[in-house]
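Coordinate analysis (summary)
What follows is each chain in one-letter form.
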Amino acid sequence: MPPAQELRRKAVNFKKGFRLKLEPEEIKKLEAVVEKATDQFTVEVADKLRALRLALNDVANSQIGADQAMQAIRSISLEIKGMGGMFKYPLLTAFAKSLNDFTKDMGAPTPIQLDIIAAQIDALYVVMANRIQGSGSKVEMELLSALEEAARKYKHH
Amino acid sequence: MSEDMADHERIDFSKISFLVVEPNRLMGQMVRDVLQMLDVQYIDRARDFETAVNVLRMGRTDIMITEWALSQEKLGRNGMDIVHWVRNDGGSPNRMMPIVMMTANSEEEYVCRARDCGVSEFVAKPYTVNGFYTRLASAIARPRQFVRIGEYFGPDRRRRKVEYSGPERRIMAEAV
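Here's what I pulled together on the structure shown here.

The rules we used
- Each residue is numbered by its place in its chain's sequence as written, counting from 1.
- All chains are assigned letters beginning with A, and all ligands numbers beginning with 1, in the order in which they are written.
- Given that this is a predicted model, residues contribute local features only at a pLDDT of at least 70 and side-chain atom pairs are listed and counted only at 80 or more, while totals for whole chains, interfaces and linings are drawn from all residues.
- Values reported for side chains reflect all heavy atoms of the structure, with hydrogen atoms and water molecules removed beforehand.
- Every case where a carboxyl oxygen of Asp or Glu lies within 4 Å of a side-chain nitrogen of Lys or Arg is listed as a salt bridge.
- Runs of E in the DSSP output that reach at least two residues are strands. Runs of H or I that reach at least four are helices, and both are numbered from the N terminus.
- Throughout this description, buried means an accessible area under 20% of the type-specific maximum (1.4 Å probe, protein chains only), exposed means over 50%, and partly exposed covers the range between.
- In plain terms, two cysteine sulfur atoms within 2.5 Å form what is called a disulfide here.
- Only strands that DSSP links by at least two bridges are regarded as paired with each other.
- Inter-axis angles, ranging from 0 to 180 degrees, are taken between N-to-C directions of lines fitted to C-alpha atoms, where helices are fitted over the stretch in contact.
- A contact between two residues is defined here by any heavy atoms of the two lying within 4.5 Å.
- Orientation labels follow simple angle bins: below 35 degrees gives roughly parallel, above 145 gives roughly antiparallel, 65 to 115 gives roughly perpendicular, and whatever is left gives oblique.
- Note on convention: the crossing is left-handed when the near helix lies turned anticlockwise from the far helix by less than a right angle, right-handed when the turn is clockwise.
- In this text, buried Ala, Val, Leu, Ile, Met, Phe, Trp, Tyr and Cys residues form a nonpolar core when linked through side-chain atoms within 4.5 Å.
- By definition here, a helix of n residues has an expected span of 1.5 Å times n minus one.
- By the criterion applied in these results, polar contacts are pairs of N or O atoms within 3.5 Å in which, for protein atoms, one can donate a hydrogen and the other can accept it, and in which residues neighboring in sequence qualify only through two side-chain atoms.
- In summary, the pairing rule links any two rings of Phe, Tyr or Trp, Trp by its six-membered ring, whose centres are within 6.5 Å, and it sorts them by plane angle into stacked for under 30 degrees, edge-to-face for over 60 and tilted for everything else.
- Ring-over charges, as used throughout, are those where CZ of Arg or NZ of Lys falls within 6 Å of the ring centre and within 35 degrees of the ring normal.
- Here the quantity called buried area is the total loss of accessible area, with a 1.4 Å probe, experienced by two parts when brought into contact, counted for both.

Here we take up the pattern of salt bridges. In a structure, side chains of opposite charge can pair up when their charged atoms sit close to one another. Counting across every chain of the model gives 26 salt bridges over all chains. Among the ionic pairs, D44 of chain B bridges to R60 of chain B, the shortest N-O distance being 2.8 Å. With D44 of chain B in strand β3 (residues 42-46) and R60 of chain B in the loop between α3 (49-57) and β4 (63-66), the pair connects residues that are 16 residues apart, well separated along the chain. For D44 of chain B, a relative accessible area of 16% gives the class buried. Classification of R60 of chain B by relative accessible area gives partly exposed; the value is 41%. Taking the shortest distance from any N to any O, the salt bridge between E67 of chain B and K125 of chain B comes out at 2.7 Å. Separated by 58 residues along the polypeptide, E67 of chain B in the loop between β4 and α4 (79-88) and K125 of chain B in the loop between β6 (121-124) and α6 (129-141) bring together distant segments of the chain. The pair E67 of chain B / K125 of chain B is uniform in exposure class, with both members buried. Overlapping salt bridges, with partners in common, bring together K81, K97, D101 and K104 of chain A together with E107 of chain B in one network.

Structural data, given as structure tokens:
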């Protein structure tokens, strides 16, 4: 079946608009849009981290709605994973990915799994509290590696 | 079209109407701001399946950008369900609409599932704006052929054109 051409006919031309490959100046302008939102990003992540702690608390205390709280942990960690790297916080993305991978398909967590989830959330707090942009230092990389190892070991225990 | 001509092609985004389905407020705002910088005039936004489908039914959307994971409150249906609806539902106003899946579900397993559901382009979060633009431009200016194979209806999932002289199994499969 030939491709639909309506949109192409409507918008693609040789006179007006943006080229298919952007000029470096145009890329910079678009990147500035993201940079401008960095303050909002830190506020947003702070809210998400608080929500993560509350959800963890609900799961730990086996309150009604623990399943929903686990779902919240998965959902919030996925959101943080998607945001961090955009705002120069790839380490935040890495820790959030670790948490999201660990909790994926997890039912009621065991005590040791709860400890690992708590440590992963603490790591997210550390990154934001210290404004650790980039990949972090050797210490943070080792922490990430240790958490990933623990997550691998206890994913199914 | 010659390569030289293709180099001079431009996209007039002011003529394109977008639907952005994104549950995260900040990420939705980022997409909207980037699109506005590109001179997009018409942007509808949704955070869940129901709202997205209601907007799509109006028939004014040219291209959809959707997250996979939608609002926590409405866990029943996600971005993949919207893609499925656009491609397969009798009520869909444009089954060949370009769809960009932009998601933090970025592992290969998800890319394959999205492709097999009929997305046109996949953008893994966190993304760079240039990477996003490249996918968007490709979806608009380089639309792919559509195919129906078994239950699949969507863009041709083969990226590269490879010379092949054997029997055309795709046609045979359709004839069965």
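In a disulfide, the sulfur atoms of two cysteines are covalently bonded to one another. All names here are of chain B. What the rule picks out here adds up to zero disulfides over all chains. Looking at C117, it has no disulfide partner, and the nearest cysteine sulfur is the one in C112, 13 Å off. With a relative accessible area of 13%, C117 lands in the buried category.

This part is about the sheet that holds β4 of chain B. Residues and elements named next belong to chain B. Sheet architecture is open: five strands sit in the order β3-β2-β4-β5-β6, paired in parallel fashion. Sheet topology places β3 and β6 at the edges, where each strand pairs with a single neighbour. Strand-to-strand twist across the sheet, computed as the mean angle between neighbouring axes with direction ignored, equals 20°. Strands in contact with α4 are β2 (17-21), β4 and β5 (99-103); relative to β5, the strand with the most contacts, it is inclined by about 175°.

With that settled, the discussion passes to the packing of helix α3 (residues 38-60) of chain A against helix α4 (residues 66-84) of chain A. Residues and elements named next belong to chain A. Remark: α3 packs on α4, axes separated minimally by 9 Å, with the N-to-C direction vectors making an angle of 155°. Between α3 and α4, the crossing angle belongs to the class labelled roughly antiparallel. The two elements α3 and α4 cross, and the hand of that crossing is left-handed. Every residue of α4 that contacts α3 at F41, E44, V45, K48, L49, A51, L52, A55, L56, D58 and V59 is listed here: A66, A69, M70, A72, I73, I76, E79, I80, M83 and G84.

Grouped together as the largest cluster of nonpolar side chains are 73 residues, with contacts concentrated most on I11, F13, L35, F132 and L136 of chain B. Apart from the residues lying within four places of it in its own chain, the contact partners of I11 of chain B are A11, V12, K16, G17, F18 and L20 of chain A together with I16, Y133, A137, I140 and A141 of chain B. Within the second largest apolar cluster, 24 residues are counted, among which are L19, V83, M97 and F122 of chain B.

Here we come to the side chain of S92 of chain B. All names here are of chain B. Topologically, S92 is positioned in the loop between α4 and β5. The exposure class assigned to S92 is buried, which follows from its relative accessible area of 11%. Setting aside its immediate chain neighbours within four residues, S92 contacts W85 and V86.

Let us look at helix α2 (residues 25-37) of chain B. Residues and elements named next belong to chain B. In this model α2 runs 18 Å from its N-terminal to its C-terminal C-alpha over 13 residues, within 8% of the 18 Å that 1.5 Å per residue would give. Every buried residue of α2 is listed here: L26, M27, G28, Q29, M30, V31, D33, V34 and L35. For α2, the side-chain oxygen to backbone nitrogen distance between the N-cap and L26 is 3.1 Å, and the N-cap itself is N24. Residue D39 follows α2 closely and has a positive phi angle near 80°.

So, about the packing of aromatic side chains. Residues and elements named next belong to chain B. Using the criterion set out here, one finds seven aromatic pairs over all chains in the structure. Where Y127 meets F132, the ring centres are 5.6 Å apart and the plane angle is 55°; that geometry is what we call tilted. Among the residues examined, Y127 registers a relative accessible area of 7% and is labelled buried. Relative to F153, the ring of F146 has its centre 5.5 Å away and its plane inclined at 50°; by these criteria the two rings are tilted. The exposure class of F146 is buried, given its relative accessible area of 5%. Lying across the ring of F153, R95 places its NZ or CZ 4.5 Å from the centre.

Let us look at the interface of chain B and chain A. Listed as interface residues are 49 residues of chain B and, on the opposing side, 46 residues of chain A. Buried area between chain B and chain A, both sides added, is near 4,600 Å², and the carbon and sulfur share of it is 64%. Taken together, chain B and chain A are joined by six salt bridges. With a shortest N-O distance of 3.7 Å, D12 of chain B and K16 of chain A are connected by a salt bridge. Remark: the boundary between chain B and chain A carries 17 residue pairs in polar contact (both at pLDDT 80 or more). Elements that contribute at least two residues to the side of chain B that touches chain A include exactly α1 (3-7), β1 (10-11), α2 and α6 of chain B. Element by element, the count of residues in the side of chain B that touches chain A is highest for α2 of chain B, at eight residues. Alignment of strand β2 (residues 18-19) of chain A against β1 of chain B, held across two bridges, turns out to be antiparallel. If you follow R19 of chain A over to β1 of chain B, its bridge partner there is R10 of chain B.

Keep in mind these values describe shape, not function.
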